[in-house]
Amino acid sequence: MRYVYGCISLFLVTLSLFLGREIWRLRLRSISESMQLSEVRTVFNAIVDDHNNLQRDLEYLQQPDNLEKELRSRFNYRKHDETLVIIVPDSVTSTTSSSVP
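Residues numbered from 1 in each chain as written. Predicted model: local features only at pLDDT ≥ 70, side-chain atom pairs only at ≥ 80, totals over all residues. Heavy atoms only, no water.

**Q** Outline the overall build of the protein, listing residues and values.
**A** Across its full length, the protein holds two helices and zero strands. A compact globule built from 101 residues should have a C-alpha radius of gyration of about 13 Å, whereas the protein, at 36 Å, is more than 25% larger. By element, 61% of the accessible surface of the protein is carried by carbon and sulfur atoms, the whole surface being about 10,100 Å². Positive and negative side-chain charges of the protein, numbering 12 and 13 respectively, have mean locations separated by a distance of 16 Å. (Helix = DSSP H or I, 4+ residues; strand = E, 2+ residues; numbered from the N terminus. Rg over C-alpha atoms; globule rule 2.2 N^0.38 Å. Areas by Shrake-Rupley, 256 points an atom, 1.4 Å probe, with all protein chains shown as cover. Lys, Arg positive; Asp, Glu negative; His and termini not counted. Charge placed at Lys NZ, Arg CZ, Asp CG, Glu CD.)

Encoded structure:
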C-alpha cells in the first residue's frame, strides 16, 4: 500500500512540476504577445491619424477655390492672363555670390 501512495505522490509531484513549467511558459508568451500587441496598436493609431489627415486634406482640396489657393502658394501657379510679381523684402540677403573671377 505504501508503494501505491509513493507512486501516486511521485506522479502528482511530476505532474505539478510539468504544469508549473507550462504555466510559466504561457505567462512569458502572454507578456511577449502583449508587447507585440502594444506595438501594433501604436502603428495602427499612427495609420489612422494619417488617414484622417489625408481625408481632411482631400475634403479641403475638393473645393476649387482651395485647390487654386494651394496651387498658387506651392507652385507659383498663375492664370494665363495674369502677371506674377514676387516681392522680396529688403532685409533678405542673397546667398549666391555675384562676383566673377
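On we go.
**Q** Before we move on, could you go through the pattern of salt bridges and cite the residues and values that matter?
**A** Applying the stated criterion across every chain, the model contains six salt bridges. The salt bridge involving Glu68 is made with Arg72; its shortest N-O contact spans 3.0 Å. Of the two residues, Glu68 and Arg72 both sit in helix H2 (residues 64–75), four residues apart, roughly one turn of that helix. Between Glu70 and Arg74 there is a salt bridge whose closest N-O contact spans 3.1 Å. With Glu70 and Arg74 both in helix H2 and four residues apart, this pair spans about one turn of that helix. Several salt bridges share partner residues, and in doing so they unite Glu68, Arg72, Lys79 and Glu82 into one network. (Salt bridge = Lys/Arg side-chain N within 4 Å of Asp/Glu carboxyl O.)

**Q** Would you mind going over the environment of Leu61 in detail, with residue names and values included?
**A** Inspection of the secondary structure assignment puts Leu61 in helix H1 (residues 2–61). Between the C-alpha atom of Leu61 and that of Arg78, which follows or precedes it by 17 residues, the distance is 17 Å.

**Q** Can you lay out H2 for me, pointing to particular residues and giving the numbers?
**A** Compared with an ideal rise of 1.5 Å per residue, which puts twelve residues at 16 Å, H2 spans 16 Å between its outermost C-alpha atoms and is within 8% of the ideal. At the exit of H2 stands Asn76, carrying a positive phi of roughly 50°. (Expected span 1.5 Å × (residues − 1).)

**Q** Help me get a handle on a nonpolar patch on the surface, residues and values and all.
**A** Residues Met1, Tyr3, Val4, Tyr5, Ile8, Phe11, Leu12, Leu15, Phe18, Leu19 and Ile23 make up a contiguous nonpolar surface patch of roughly 1,200 Å² in combined accessible area. Relative to the helices and strands, Leu19 resides in helix H1. For Leu19, a relative accessible area of 43% corresponds to the partly exposed category. (Patch = residues over 30% accessible without salt bridge, like charges linked within 9 Å, V, L, I, M, F, W, Y side chains within 5 Å. Buried < 20%, exposed > 50% of the residue type's maximum accessible area, 1.4 Å probe, protein only.)

**Q** Give me the side chain of Asn66: which residues, what numbers.
**A** Tracing the chain through its elements places Asn66 in helix H2. The exposure class assigned to Asn66 is buried, which follows from its relative accessible area of 17%. Ignoring anything within four residues of it in the chain, the contact list for Asn66 reads Tyr60 and Leu61. (Contact = heavy atoms within 4.5 Å.)

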